[in-house]
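The chain contents come next:
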Amino acid sequence: MPEGHVLHRAAIAHTALLAGHAVTVTSPQGKFVDAPLLDGGVCDGVTAYGKHVFYNFGDRHVHVHLGLRGFFVEHAVPLPEPAGWVRMRLAVPAGAVDLLAPMKCEVFDDGQVASTVAKLGPDPLVSEDEDEAVRRLRAYRGPVGVALLDQAMWAGLGNAFRSELLYLARVLPGTPCAHLSDEQARGLWRSAQEQLMIGARLGFIATVDGVTDAKWVYKQETCRGCATPIETATIAARLVHWCPAEQS
Ligand SMILES: [Zn+2]
């Protein structure tokens, strides 16, 4: 599943392409039936919060959630004919964005945007309230491996970041949140901010060196830090990876 860095990166790129332009909004696949409501409107910009993206046209917004399989394809002109199951195409004179296989693509008013964001916890790439983020994590009832995937706790993290951030903090995924020290919780928040920012800049997760897509523990046979065989378990319905030697 695309994690928050992918959506923030898309919001920045799509704002650069679309903002200030009248946008031709179509649904080549036919499934986004509300496309004509926005067709020809001027885009004010594109915002991301957690794993949600909003294309803003005055008081109307296209709400997109990629879900497990969704993705964007950006095109320069001349535009190709829409290929495959393009749910939505947003076209301007300089190019277009195609949206394929999303979980959600729907028109929202201001209130629906606000209520969607209100259900989410702080996004490490948006929120500046570290104390609130730390308070929410330490107050969470359950293990930290569940908390980090719960979008109502913090918004934007997915499965790869979960394993990598817990390794960087040297915390086991089964640790109850109530047992986290203030320092551990603060460290997790700060590294979530730092790593999501690096990911948004690069377009991929680069927890080891900020340059390559190498991982410390996620989907590794052995720990990149100490070569101990990695252990795994299913927590919150997804497989989490950890180093039994360095995390406790
Ligand atoms: Zn290790």
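Throughout, residues of each chain are indexed from 1 in the direction in which the sequence is written. The predicted origin of the model limits local features to residues at a pLDDT of at least 70 and limits the giving and counting of side-chain atom pairs to 80 or more, whereas totals for whole chains, interfaces and linings rest on all residues. The basis for every side-chain value is the complete set of heavy atoms in the structure, and neither hydrogens nor water enter the calculation.

J.: What should I look at first to understand the overall build of the chain in this one?
T.: Across its full length, the chain carries seven helices and 10 strands. Taken over C-alpha atoms, the radius of gyration comes to 19 Å for the chain, in line with the 18 Å a tight globule of 248 residues would show. Relative to its 248 residues, the chain shows a buried fraction of 50%. For the chain, long-range pairs separated by at least 24 residues make up 60% of all intrachain contacts whose partners lie at least 6 apart in sequence. Areas reported as accessible are Shrake-Rupley estimates using a 1.4 Å probe. Residue values count occlusion only from the protein chains shown. Per element, the accessible surface of the chain, about 11300 Å² overall, is 54% carbon and sulfur. Seen as two clouds, the 22 positive and the 27 negative side-chain charges of the chain have centres 5 Å apart. Every helix listed is a DSSP run of H or I at least four residues long, and every strand listed is a run of E at least two residues long, numbered separately from the N terminus. Both definitions apply: the radius of gyration is a C-alpha atom measure, and the globule rule equals 2.2 Å times residues to the power 0.38. Burial status follows relative accessibility: with a 1.4 Å probe on protein chains alone, a residue under 20% of its type maximum counts as buried, one over 50% as exposed, and anything between as partly exposed. Contact between two residues is taken to exist if any of their heavy atoms lie within 4.5 Å; hydrogens are not considered. Lys and Arg are tallied as positive, Asp and Glu as negative. Neither His nor the chain termini are counted. Just so you know, the charge point we use is NZ for Lys, CZ for Arg, CG for Asp and CD for Glu.

J.: Hey, could you run me through the coordination of the zinc ion in this one?
T.: For a metal with four donors in a tetrahedral arrangement, the ideal angle between donors is 109.5 degrees, while six donors in an octahedron ideally sit at 90 or 180 degrees. At this site the zinc ion is bound by Cys223 (SG), Cys226 (SG), Cys243 (SG) and Glu246 (OE), with donor distances of 2.0 to 2.3 Å. Donor atoms are limited to N, O and S found within 2.8 Å of the metal ion, a distance that becomes 3.2 Å for Na, K and Ca. With water left out, some sites might look partial. For the zinc ion, the donor residues sit on a single chain with the sequence spacing C-x2-C-x16-C-x2-E. Highlighted residues: cysteine 226 in the loop between α7 (182-202) and β9 (231-235) and glutamate 246 in the segment after β10 (238-242), separated in sequence by 20 residues. Judged by its relative accessible area of 32%, cysteine 226 is partly exposed. The class of glutamate 246 is partly exposed, set by a relative accessible area of 24%.

J.: Would you mind showing me how to read unusual backbone geometry here?
T.: Most peptide bonds take the trans form, and the phi angle of most residues other than glycine is negative. The omega angle of the peptide bond from valine 77 to proline 78 is -5°, so this bond is cis rather than trans. Here proline 78 is to be found in the loop between β5 (71-76) and β6 (86-92). Residue alanine 227 is not a glycine yet carries a positive backbone phi of 70°. Here alanine 227 shows up in the loop between α7 and β9. Given the relative accessible area of 51%, alanine 227 is considered exposed.

J.: Can you help me understand the sheet that holds strand β3 (residues 52-57) in this one?
T.: A sheet is described by the order of its strands in space; here four strands give the open sequence β2-β3-β4-β8, paired in antiparallel fashion. Where the open sheet ends on each side, the last strands, each with one partner, are β2 (45-49) and β8 (104-109). Neighbouring strand axes in the sheet, compared pairwise and without regard to direction, differ in orientation by 25° on average. Looking at chain direction, β2 and β3 are connected through five bridges and run antiparallel. The residue of β3 that forms the bridge with glycine 45 is asparagine 56. An axis is simply a line fitted to the C-alpha atoms; with a helix, the fit covers only the stretch in contact. Between two such axes, the angle follows the N-to-C directions and lies from 0 to 180 degrees. Sitting on the sheet, helix α1 (residues 4-18) is in contact with β2 and β3, with an inclination near 175° to β2. Note on pairing: two strands pair once DSSP finds at least 2 bridges between them.

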